[in-house]
Amino acid sequence: MNLIVLLIQILVVLFTFKIHKSILKPPVFLSIIWLIPISVLSFVELLEHNSYSFNGYALIFPFGCFLFSIMYLLVDNDKKIIEKEKVVGKKTTFLLHIFIIIEFLLVIYWILDVTKYVNANFKYNFWYTYKWGVSQGDYLEPFFIPYLRTATRVLTCVMFVNYLRYKNKLDNIWFLFQIIITFIINFIGQGRGGIFALFVPLCIIYLLLNNDSKMKKIIAVIVTLVSLLIVFFVYGSMKDPYTINADKSPLLSFENYLCGGIVSFCNWAASSHEFAYGAYSFRFINALLSGIGFDVKVVSMVEEYVENIHGNIGNVYTFYKWYANDFGVIYALAIQGLLGIIYGFISKKTRTKPSTFIVVLYALMFYPLFMQFFNDQYFSNLSIWIQYVFWLFIFCKTKIFMVNSKK
């Protein structure tokens, strides 16, 4: 079964690339992302003459990519990616500089608060103590920190577009300052996930808007991938309390993150379970209703830990389980098809009405594609997407922080 799934996934990659011609098209990007863990797991199973549960449910992975591509084509079948010349940078205002300074002061206040807690409850190292305190509810972050993390990522992407399309030395200095703030608040607070959610969109923006040669763009992709690997292993070495297998080799931990979700989903799908009938898809709505006093059950974002491969233990089941929990794998595939339509719509906008707003939104949408083999980043994180759109509107559609330049 593993070789069959691998062969079909390879065919899907070839099909999507034949149609779209570029990795910057979501169907191609998604198919390649799924090909990587499927190839690794297939190779491991073939090498060890063993089966780690590549059962019939694994066919959902290549079929989902194919469905995504077909639905995408219904909306956008143009091979061109973006009219980059029409994306014009803007001059930053004094209020944006004030906003960045306020970000900096809030981050300093938060770091001092975290340091105070860590010093009073020190265990092993700074990150372990902080993350353990958050997971156990012993340390409560200031209410504004999660929202600030999202705002910093959006602003960094917007300013990066300006850096590429509008050359201004003073604005470049503010951009560098913004990157440092964003890196600190995301690395300390969210670790690998926060940094990946920043690096992936920045890389996409660079590939979309930069006029460098193909070789330089390939180098940029390699640098991004190497950076992500460094962040992964460095953060893992800090003994994150959520990393149950911290005592094992880094390669086993990497294998767990790369392939564990696929194995866990196949095992879960083959087992008997009850449907949640919308509790996962509409978790955000249920959380809002619960917050204002209604007696509504809100499902946990944390899945059950299970064993997957080589004794690894994990609690991620790929993008599909979040929706299959509600109405089964057919419903999960329907969501994948719906996403294909949404991505096709946004991709078409990058050509018909290119702007900083659309470019950054398009780039931000590559991160959940990048994470599909791991977990869901759509309905489960709907509040994040609402914040993304809100901040994009503030930064790009108003004249509070950026104005048209004379260049």
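Our subject is the structure that appears above.
Residues numbered from 1 in each chain as written. Predicted model: local features only at pLDDT ≥ 70, side-chain atom pairs only at ≥ 80, totals over all residues. Heavy atoms only, no water.

(A) Seen up close, helix α5 (residues 126-136). Listed as buried for α5 are Tyr128, Thr129, Tyr130, Lys131 and Gly133. At its buried positions, α5 is contacted by α4 (94-120), α6 (145-165), α7 (169-190) and α9 (214-236). One or two positions beyond α5, positive phi appears at Gly137, with a value near 80°. (Buried < 20%, exposed > 50% of the residue type's maximum accessible area, 1.4 Å probe, protein only. Helix = DSSP H or I, 4+ residues; strand = E, 2+ residues; numbered from the N terminus. Contact = heavy atoms within 4.5 Å.)

(B) The arrangement of the nonpolar core in detail. Counting 121 residues, the largest nonpolar core has Phe61, Ile205 and Phe395 as the members making the most contacts within it. Of all the elements, helix α8 (residues 192-209) adds the most residues to this core, at 13 residues. The residues contacting Phe61, other than those within four sequence positions of it, are Gln9, Trp34, Ile38, Ile262, Phe265, Cys266, Thr318 and Tyr320. (Core = buried A, V, L, I, M, F, W, Y, C linked by side-chain atoms within 4.5 Å.)

(C) Quick peek at the pattern of salt bridges. Counting across every chain of the model gives five salt bridges. One salt bridge connects Asp76 with Arg351, and the closest N-O pair in it is separated by 2.9 Å. Placement of the pair is Asp76 in the loop between α3 (60-75) and β1 (90-92) and Arg351 in helix α13 (residues 329-352), with a sequence separation of 275 residues. Comparing Asp76 with Arg351 shows no difference in burial state: the two are buried. Residue Lys321 pairs with Glu303 through a salt bridge whose shortest N-O separation is 2.8 Å. Of the two residues, Lys321 sits in helix α12 (residues 318-327) while Glu303 sits in the loop between α11 (283-291) and β2 (306-307), which places them 18 residues apart along the sequence. Residue class for Glu303 comes out buried when judged on its relative accessible area of 15%. One salt-bridge network, held together by shared partners, links Lys25, Asp76, Asp78 and Arg351. (Salt bridge = Lys/Arg side-chain N within 4 Å of Asp/Glu carboxyl O.)

(D) Representation of a nonpolar patch on the surface within the structure. Nonpolar side chains collect at one region of the surface, where Phe94, Leu95, Ile98, Ile101, Ile102, Phe104, Leu105, Ile108, Leu112 and Ile400 lie side by side and expose about 900 Å² of accessible area between them. Residue placement: Leu95 occurs in helix α4. On the basis of relative accessibility, which here comes to 45%, the residue Leu95 falls in the partly exposed class. (Patch = residues over 30% accessible without salt bridge, like charges linked within 9 Å, V, L, I, M, F, W, Y side chains within 5 Å. Areas by Shrake-Rupley, 256 points an atom, 1.4 Å probe, with all protein chains shown as cover.)

(E) Summary view of the packing of aromatic side chains. If you walk through the whole model with that rule in mind, you get 44 aromatic pairs. When the centroid spacing of 6.1 Å and the interplanar angle of 90° are considered together, the rings of Phe275 and Tyr277 count as edge-to-face. With relative accessibility at 35%, the residue Phe275 sits in the partly exposed group. Among the residues examined, Tyr277 registers a relative accessible area of 61% and is labelled exposed. One aromatic cluster in this structure is built from Trp34, Phe61, Phe68, Tyr72, Phe265, Trp268, Phe319, Tyr320, Tyr323, Tyr343, Tyr378 and Phe379. Of note, Lys321 hangs over the ring of Tyr317, and the distance from its end group to the ring centre comes to 4.7 Å. Over the ring of Phe357 we find Lys397, and its NZ or CZ is 5.2 Å from the ring centre. (Phe/Tyr/Trp six-rings, centres within 6.5 Å; stacked < 30°, edge-to-face > 60°. Lys NZ or Arg CZ within 6 Å of the ring centre and 35° of its normal.)

(F) Broad picture of the environment of Ala270. Tracing the backbone through its elements, the reader meets Ala270 in helix α10 (residues 250-270). Placed 57 residues apart in sequence, Ala270 and Phe327 show a C-alpha to C-alpha distance of 15 Å. With residues up to four places along the chain from it excluded, the contact list for Ala270 reads Asn55 and Tyr57.

(G) How the structure looks around the environment of Tyr367. Within the secondary structure layout, Tyr367 lies in helix α15 (residues 366-370). The buried category is assigned to Tyr367, whose relative accessible area is 9%. Taking the C-alpha atoms as reference points, Tyr367 and Phe196, 171 residues apart in sequence, are found 7.5 Å from one another. Setting aside residues no more than four positions away along its own chain, Tyr367 makes contact with Gly193, Phe196, Ala197, Val200 and Gln377.

(H) Just the packing of α4 against α7, in detail. Two elements in contact, α4 and α7, have axes whose closest approach is 10 Å; the angle formed by their N-to-C orientations is 30°. With respect to their mutual orientation, α4 and α7 come out roughly parallel. For the crossing formed where α4 meets α7, the hand is left-handed. Where α4 abuts α7, its residues His97, Ile100, Ile101, Glu103, Phe104, Val107, Trp110 and Ile111 lie against Asp171, Trp174, Phe177, Gln178, Ile181, Ile184, Ile185, Ile188 and Gly189. Class assignment of the residues belonging to the contact of α4 with α7 gives a composition of 12 nonpolar, three polar and two charged. (Axes fitted to C-alpha atoms, helices over the stretch in contact; angles between N-to-C directions. Parallel < 35°, antiparallel > 145°, perpendicular 65-115°, else oblique. Left-handed = near helix turned anticlockwise from the far one by under 90°. Nonpolar A, V, L, I, M, F, W, Y, C, P; charged D, E, K, R; others polar.)

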